[in-house]
Each structure stands twice: as structure tokens, then as C-alpha cells.
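# Geometric and topological summary
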Amino acid sequence: MSATSKALYLPLSVATSVTGGIVAGAIFSQLWKRFSDQQPAPPDPKDLSSSTRAALIGAGLQGLVFGVVKAAVDRAGARGYKAVTHEPPPR
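Residues numbered from 1 in each chain as written. Predicted model: local features only at pLDDT ≥ 70, side-chain atom pairs only at ≥ 80, totals over all residues. Heavy atoms only, no water.

### Looking at helix H2 (residues 52-85)
Basically, it comes down to this: Per the convention used, a helix needs a DSSP run of H or I reaching at least four residues, while a strand needs a run of E reaching at least two, with both numbered from the N terminus. The span you would expect from a helix comes to 1.5 Å times its residue count less one. Think of it in three bands: with a 1.4 Å probe and only protein chains considered, a residue is buried below 20% of the maximum accessible area for its type, exposed above 50%, and partly exposed in between. Note on definitions: a residue-residue contact is assigned when non-hydrogen atoms from the two residues lie within 4.5 Å.
Taking 1.5 Å as the rise per residue, H2 with 34 residues should run 50 Å; its terminal C-alpha atoms sit 49 Å apart, in good agreement. Restricting attention to buried positions, one finds in H2 the residues Ala54, Ala55, Gly58, Leu61, Val65, Val69, Gly77, Ala78 and Tyr81. Buried-residue contacts for H2 involve helix H1 (3-35). Phi turns positive one or two residues past the end of H2, at histidine 86, with a value near 60°.

### Remarks on the packing of aromatic side chains
Inclusion rule: Centres within 6.5 Å make a pair out of two Phe, Tyr or Trp rings, where for Trp the six-membered ring is used; the pair is then stacked when the planes are under 30 degrees apart, edge-to-face when over 60, and tilted otherwise.
If you walk through the whole model with that rule in mind, you get two aromatic pairs. Look at tyrosine 9 and tyrosine 81: their rings are 4.8 Å apart centre to centre, the planes differ by 70°, and that puts the pair in the edge-to-face class. Taken together, the residues tyrosine 9 in helix H1 and tyrosine 81 in helix H2 connect sequence positions 72 residues apart. For tyrosine 9, a relative accessible area of 16% corresponds to the buried category. Taken together, a centroid distance of 6.3 Å and an interplanar angle of 35° make the contact between phenylalanine 28 and tryptophan 32 tilted. Placement of the pair is phenylalanine 28 and tryptophan 32 together in helix H1, with a separation of four residues, close to one helical turn. Take phenylalanine 28 and tryptophan 32: they sit in the same class, and that class is buried.

What follows is the structure, given as C-alpha cells:
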């Protein structure tokens, strides 16, 4: 793998990661609105006025969504890179 293709992959990786984070945040917000009738946003874990159950469910759902979206975006970026350069992406 050439140094040029490694240098080109880094900005692509950063851009797709940022985009994936934005998409994951939007998906999580929509899911939370559908699951929680009372709260428009998940409770802050440090806010002791909300239930522990709600704080943990919110954190778990957020982690799940971000993990799945990150894996999907990383996979799509790697496949796109390989389609263009005919080389696997750097690890």
C-alpha cells in the first residue's frame, strides 16, 4: 500500500466518522422519542431526580445505536475505498 493512499484514507475516515456520529445521534433521538412518552431527551445519568432505570436504558440504547451505526459506516467506507483503489483500506 502506498503512502499516498494511506494519506488519502485518513481524511475519508474522519469525514465518515463525523457523518456517522451525526446520523447515529439523529436515529437515537427519534428512537428515544418513540420509547419515552414523558421525556423528550434521555435523562442525564448525574440527574438524581430521574429514575436509574431510565438513565440506564437511555445509555444502553444510545450505545447500541452508536455501535451499530459506527460499524455500518466503517464497513461502507472500507468497501468504497476498496472499490475506488482496488486495495483494502489501511488498518
